[in-house]
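A closer look at the structure
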Amino acid sequence: MLLPRALRSWLCVLSCAWLRAGAASRLKSPALPIQSEREPLPFKGLSGCSFGGRFYSLADMWHPDLGEPFGVMHCVQCLCEPQKSRRGKVFGKVNCKNIKQDCPDPNCDDPVLLPGHCCKTCPKGDDDKKQTDSVLENFEYFHEKGKEKEDDLHKSYNDRSYLSSEDMGPGESRSDFVALLTGGTDLLSSSGVARARFSLTRTSLAFSITYQRMVRPSKIVFLDSDGTTAFEYRVPKGQSDMICGVWKNLAKPLMRQLQSEQIRIRMTTSTTRGEEVEGKIIKHRALFAETFSSTLTSEEENSGTGGIAMLTLSDTENNLHFILILQGLLKHKDKELLSVPIRVQLVYRQHVLREIRANITSHDPDFAEVLTDLNSRELFWLSRGQLEIAVATEAQDPRQISGFITGRKSCDTLQSVMSSGDALTPGKTGGVGSAIFNLYDNGTLDYQVQVAGLTSDVVGLTIELKPRRRNKRSVLYDLTPEYDKATGQATGSWSRLEARHIHMLLQNELFINVATAHSQEGELRGQIKALPYSGLEAPRHELPTPLAGHFVSPPVRSGASGHAWVSVDKQCHLHYEIVVAGLSRADDLTVSAHLHGLAEIGEIDDSSTPHKRLLTGFYGSQAQGVLKDISVELLQHLDQGTAFIQVSTKLNPRGEIRGKVHVPNNCEFGTRGEAEEAEFDDLFVKDPEELKKDPHTCFFENQHRAHGSRWTPGYDKCFSCSCQKRTVICDPVICPVLTCSRTIQPEDKCCPVCDERKEPKDMKAPERVDEHPEGCYFEGDQKMHAPGTTWHPFVPPFGYIKCAVCTCKGSTGEVHCEKVTCPALTCSHPVRRNPSDCCKECPEEERTPGGLEHSDMMQADGPRHCKFGKSYYQNSDNWHPWVPVVGEMKCINCWCDHGVTKCQRKQCPVLTCSDITRRDGSCCPECVDSKEEDDLSIKAPDKRPTRRH
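Criteria and thresholds
- Residues numbered from 1 in each chain as written.
- Predicted model: local features only at pLDDT ≥ 70, side-chain atom pairs only at ≥ 80, totals over all residues.
- Heavy atoms only, no water.
- UniProt positions renumbered as here; feature names shortened; annotations may be inferred.
- Salt bridge = Lys/Arg side-chain N within 4 Å of Asp/Glu carboxyl O.
- Helix = DSSP H or I, 4+ residues; strand = E, 2+ residues; numbered from the N terminus.
- Buried < 20%, exposed > 50% of the residue type's maximum accessible area, 1.4 Å probe, protein only.
- Pairing = 2+ DSSP bridges.
- Contact = heavy atoms within 4.5 Å.
- Axes fitted to C-alpha atoms, helices over the stretch in contact; angles between N-to-C directions.
- Polar contact = N/O pair within 3.5 Å; in protein donor to acceptor, adjacent residues only side chain to side chain.

As named in an unreviewed UniProt entry, the chain is Chordin, taken from Scophthalmus maximus. Looking at the Sequence similarities (unreviewed entry) heading of the UniProt record, one finds this comment for the chain: "Belongs to the chordin family." Recorded in UniProt for the chain, the comment headed Subcellular location (unreviewed entry) runs: "Secreted".

Below, the structure written as structure tokens:
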């Protein structure tokens, strides 16, 4: 058994020595393609700790798994401790300790050690149950979850924890938060008020911010519980009062602080006054039901007051529920509990329509109430954004804030994909419908709709409710007069939305239906949904690219359809977002999306040779991401409109739906790597002075190198070096096999290349794989490889892995890597001559160092010893490993096999008794009644280790 990688990480952490892990553990199973276009791992560039091939966020705790034969060290607890560098950058450091001394004394005479435990416990009985209960009491999760159900019975309607988003349905993976931002009360503070809405999906926090009574902010800062900047967002310039952004890759400690309402948000302007507003991020289930909102401001300067209102209509009655979050209305000194009367009014053009009087306290200034039975006029004014909500105190120093009620605002996109699979009578026509909507404060709804691939002419285009009975449609608005048959589009405005319609629109309860001559009830149908903002630079105000089976070659009669937003940024990176609808349950398997560039429009048959890049593989109905390192040809096809996106499924691997993409760009020279490096300034710092301050920088050949960088060393162009946290690793370059008859050796290159200019005209050149002219991009070495070529993969930080061979498949542009199959050997004692070699071979007595290849010289020089921790062992040495914190592990035997450390756990006999125990210092369990314990164990050779220091 080879020394496991996790144990090497363990020794690295505890002895402060970097040990290179075995490359074979990084290999996938044979013949599995490496999808090089996927996004980097979520923890790339993220603060945390790496241990045993796994990543842990700051403040994570775990029991280290050292792999076979060591297993999980249940008596050792590791912690990823946050540390700060001299530059103030937060990073993680692994700290492990032995917790066996902390075990409690069992309250019984014969305690036992259960599998997977560190501490002995009493056998089944009351004491064991009490001990388990006491352990659970120490975990807040169980304690709080037990209290929640009891507390829910006593919560008042005004308690905002009743509106927590944690009780959302199992299919909802989002958590919603809100923040009210106000200024202070001094003269230099801002009079502005802002409302921020947040959606947490996995490790990304998307935010939509609106503001009033202040100029557009220039910077948004998120502050952790200590007041330290956790994330900073530079606000792009613009004219709207909406700010959209995403905080990606939140560390687990920050996510816990977010859930416990310990994160604050601050916005500042770049004006000479330097206005600033700030507020705490809190949870609110009301956000899930909210369909109307209002931001309340004061007419006083620098009052530090403000508020937000979240409102929604009842599902069946015209009752308006609302919750107010207020700030600065109450003036209280010290910590005295004040109860102040307030007056809440519903106002139309300075006429009070409704009024509610209540009391609020300084410790709980929020307020919730219901306005019942709104009449038709009030509902009309509500839909037009003409109702105003005002809150005023009735104390000695009265204060008032007010704001207009409008439809809920966010950076999400109202959109719909219409498919034949979602029609009232489901079918498979291969057609598609796509629509986007924009709701304004005055209740006007702009729409853009496009349809394609239909079986017959459109006879009806309508926005509808969900039918109460089959084939009993409820039409709200008819878009048919705006439909242009020549373009297949309908563009216009619906200016008479009722308040109920706005409520249903923002609750995803409206549908759009496309009726045709052959399908009078509807050939296509789609639900109007809010697509959550994901931060992609795609123009969502423009119609997306429709995706349909009709566009596939040959056409596919699919019930699915979709649409996609595609854009190219200044660095020539492609951003995409795809939404798919209409897949049946049988089709709802893994789907993958590809981006194809064609030589010319129409060349979409089996004989074509398209450039193809995989965008992503995804489950469900949507996917988004960024594609980098795009070929010049593909960028040209995007610019010329001769590219298309295709979504494939397992049932239709050659394409389920497809759509042509036209993205004008100025990327005639391809992706701009320099600009890309500037994006990741924390990973690749170019300033020499900054590099010197970075604790992860490498110093090599009188030059500082950034962590993660790769270069060719000056002493030998046939080596490739990389910097991995202050350690330089250099590996020989392995040249690919050339198929040409004549080669040349460039002066500045290590590997020869084909000399195509000197090929004889009468000599027939060997056939090349031209199915994929672009070749394959491999993420490991970050290079393009020609179709049909093979190479050993370069995987940082391990270098070239000789136990694997990768091949560029020209037909698909995918990289396939397989393990090397070692030949069968006839000798009895095969050896691995170098630790980096993949296969063993029979020893040759006459073999001399001069017979070694140049690429093996670095590993061949010197004795073939083994290093374990800080100790060195000669070939064939045996020892019990000593692991820091744990000590000597007498149940493990290790030995040195020609430079490779191998370890094996002592073999224990199978016991047939029912009462089994394990004595202190014993490797194997034994029967309680056994008297001859020495005969029950298999003795292992006990050699004293020979150590070199």
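That shown, we press on.
Turning next to the pattern of salt bridges. Tallying each qualifying case throughout the model produces 20 salt bridges. Residue glutamate 290 pairs with arginine 195 through a salt bridge whose shortest N-O separation is 2.9 Å. With a gap of 95 residues between them, glutamate 290 in the loop between helix H5 (286–289) and strand E15 (292–296) and arginine 195 in strand E8 (residues 193–201) connect regions that are remote in the sequence. Judged by relative accessible area, arginine 195 falls into the buried class, the value being 4%. Among the ionic pairs, glutamate 394 bridges to arginine 343, the shortest N-O distance being 2.9 Å. On the criterion of sequence distance, the pair formed by glutamate 394 in the loop between strand E21 (387–393) and strand E22 (400–404) and arginine 343 in strand E18 (residues 339–348) is long-range, its members being 51 residues apart.

Pairing within the open sheet is antiparallel, and its 6 strands lie in the order E29-E30-E26-E25-E24-E33. One side of each edge strand has no neighbouring strand; the edge strands of this open sheet are strand E29 (483–484) and strand E33 (529–531). Pairing analysis gives 2 bridges linking E29 to strand E30 (residues 489–494), with the strands arranged antiparallel. Bridge pairing in E30 places aspartate 484 opposite glutamine 489. Packing of helix H7 (residues 499–506) onto the sheet brings it into contact with strand E24 (413–418), strand E25 (432–439), strand E26 (445–452) and E30, and relative to E25 it is tilted by some 120 degrees.

Looking now at the pairing of strand E7 (residues 174–182). Where burial is concerned, most of E7 is hidden: 9 out of the 9 residues are buried. Burial of E7 is two-sided: the residues Arg174, Asp176, Val178, Leu180 and Thr182 facing one way and the residues Ser175, Phe177, Ala179 and Leu181 facing the other way are all buried. Both E7 and E8 contribute to a ladder of 9 bridges, which runs antiparallel. Each residue of the ladder has a partner; that of leucine 181, found in E8, is alanine 194. With 4 bridges connecting them, E7 and strand E14 (residues 276–283) associate as antiparallel partners. Looking at the pairing, threonine 182 lines up with glutamate 278 of E14.

This next bit is on the side chain of serine 420. By secondary structure assignment, the location of serine 420 is in the loop between E24 and E25. In this structure the side chain of serine 420 is engaged in a polar contact, spanning 3.3 Å, whose partner is the backbone nitrogen of threonine 429. Among all residues touching serine 420, those that are not within four sequence positions of it are Thr425, Pro426, Gly427, Lys428, Thr429, Gly430, Glu523, Leu524, Ser558 and Gly559.

What follows deals with the environment of proline 925. By the element assignment, proline 925 lies in the loop between strand E63 (916–917) and strand E64 (926–927). Assessed through its relative accessible area of 27%, proline 925 is described here as partly exposed. Between the C-alpha atom of proline 925 and that of cysteine 908, which follows or precedes it by 17 residues, the distance is 7.8 Å. Not counting residues within four places of it along the chain, the set of residues in contact with proline 925 comprises Cys908, Leu911, Ile916, Thr917 and Arg918.

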